[in-house]
Amino acid sequence: PLGGAAVCTPGALTADQTDSALFWWESSPVKWNRIARAVSVDTGLDLWENARLFGLLNLALADGYIAMVDSKNHYNYWRPVTAIQTGDTDGNPDTTGDPAWTPLRPTPPDQDYASGHSIEGGAAAEVLKRFFGTDRISFQDCSVTLPDRGCSDPSPKFRSYTSFSQAAAENAYSRILIGFHFRKSVEEGTDYGRKIGKRATNLYLKPVH
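Residues numbered from 1 in each chain as written. Predicted model: local features only at pLDDT ≥ 70, side-chain atom pairs only at ≥ 80, totals over all residues. Heavy atoms only, no water.

(A) Seen up close, unusual backbone geometry. Residue Ala114 is bonded to the preceding Tyr113 through a cis peptide linkage, with omega at 0°. Turning to its location among the elements, Ala114 is positioned in the loop between α4 (80–85) and α5 (116–132). The backbone of Asn76 shows a phi angle near 50°, a positive value even though the residue is not glycine. Positive phi values are uncommon outside glycine, yet Asp148 reaches one of about 70°. Summarising the element assignment, Asp148 is placed in the loop between β1 (139–141) and β2 (159–161). Asp148 sits in the exposed class, given a relative accessible area of 68%. (Helix = DSSP H or I, 4+ residues; strand = E, 2+ residues; numbered from the N terminus. Buried < 20%, exposed > 50% of the residue type's maximum accessible area, 1.4 Å probe, protein only.)

Printed below as a string of structure tokens:
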């Protein structure tokens, strides 16, 4: 399966897939606020516009984490590391366990469904799309968790995107590549996040004119 550490699953990930997994590994609020700052500068927002943008963004991100915890505790679904290592104990004769399998990075100590990273990405992308009135805004971003070429390095590595939804989709897929989540968790998590972002922009901090 994708997402295994190279010592256990050599060749399972391409260099770009590994790069993407580590690029998006960092805190979602840190990354999406940095993306918002870059787009704000490029579009020339004033002080009041920035106040509304970052207020909406962080209200949605906070709501996303609340939704994540509620979902995880309700469904209590196992992570890939548990499912793969103990696959022969699930009562399904068609599955076998691989006790030696490990994810690309250590799995967070909570449940799989739904992916918090994906919820946050969906929520942030939806807020940015609705705030700017379009999804089709190009931008670049660096990462604080990418080895050797992070944001603080002299020559950081950037990844480029042509829309907020493209970035959210790569963000979600990265959680499969790093070995943290199943596909259902990231796809439905992103959709869940979009609904949270839509709700935030419909309810909070509406323009007065």
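So, next bit.
(B) Quick peek at the pattern of salt bridges. Counted under the stated rule, the structure contains 15 salt bridges. Between Arg159 and Asp19 there is a salt bridge; the shortest N-O distance is 2.6 Å. Placement of the pair is Arg159 in strand β2 and Asp19 in helix α1 (residues 15–23), with a sequence separation of 140 residues. Exposure remark for Arg159: the relative accessible area of 11% places this residue in the buried category. Linking Glu126 and Lys129 is a salt bridge whose minimum nitrogen-to-oxygen distance equals 3.3 Å. Of the two residues, Glu126 and Lys129 are both situated in helix α5; the distance of 3 residues between them amounts to about one turn of the helix. (Salt bridge = Lys/Arg side-chain N within 4 Å of Asp/Glu carboxyl O.)

(C) Looking closely at helix α3 (residues 47–75). Here α3 is 29 residues long and its end C-alpha atoms lie 42 Å apart, about the 42 Å a rise of 1.5 Å per residue gives. Leu53, Leu56, Leu57, Ala60, Leu61, Gly64, Ala67, Met68, Ser71 and Lys72 are the residues of α3 that are buried. Where α3 is buried, its residues meet α2 (28–43), α5 and α7 (183–203). The opening residue of α3 is Asp46, an N-cap whose side-chain oxygen sits 3.1 Å from the backbone nitrogen of Trp48. Among the residues trailing α3, Asn76 stands out with phi positive, at a value near 50°. (Expected span 1.5 Å × (residues − 1). Contact = heavy atoms within 4.5 Å. Polar contact = N/O pair within 3.5 Å; in protein donor to acceptor, adjacent residues only side chain to side chain.)

(D) The packing of α2 against α5, seen in detail. Put simply, α2 and α5 touch, their axes get as near as 10 Å, and they point 15° apart. With respect to each other, α2 and α5 are oriented roughly parallel. Crossing angle aside, the handedness with which α2 passes α5 is right-handed. On α5, the residues touching Ser28, Pro29, Trp32, Ile35, Ala36, Val39 and Thr43 of α2 are His117, Glu120, Gly121, Ala124, Ala125, Leu128 and Phe132. Along the lines of polarity and charge, the residues of the contact of α2 with α5 split into 9 nonpolar, 4 polar and 1 charged. (Axes fitted to C-alpha atoms, helices over the stretch in contact; angles between N-to-C directions. Parallel < 35°, antiparallel > 145°, perpendicular 65-115°, else oblique. Left-handed = near helix turned anticlockwise from the far one by under 90°. Nonpolar A, V, L, I, M, F, W, Y, C, P; charged D, E, K, R; others polar.)

(E) Region of the structure containing the packing of aromatic side chains. Within the structure shown, the criterion is met by 9 aromatic pairs. Ring geometry for Trp24 against Trp32: centres 5.9 Å apart, planes inclined by 35°, an arrangement best described as tilted. Following the ring pairs from residue to residue traces out a cluster consisting of Phe23, Trp24, Trp32, Phe131, Phe132, Phe139, Tyr161 and Phe164. Against the face of Phe23 rests Lys31, its NZ or CZ located 4.0 Å from the ring centre. (Phe/Tyr/Trp six-rings, centres within 6.5 Å; stacked < 30°, edge-to-face > 60°. Lys NZ or Arg CZ within 6 Å of the ring centre and 35° of its normal.)

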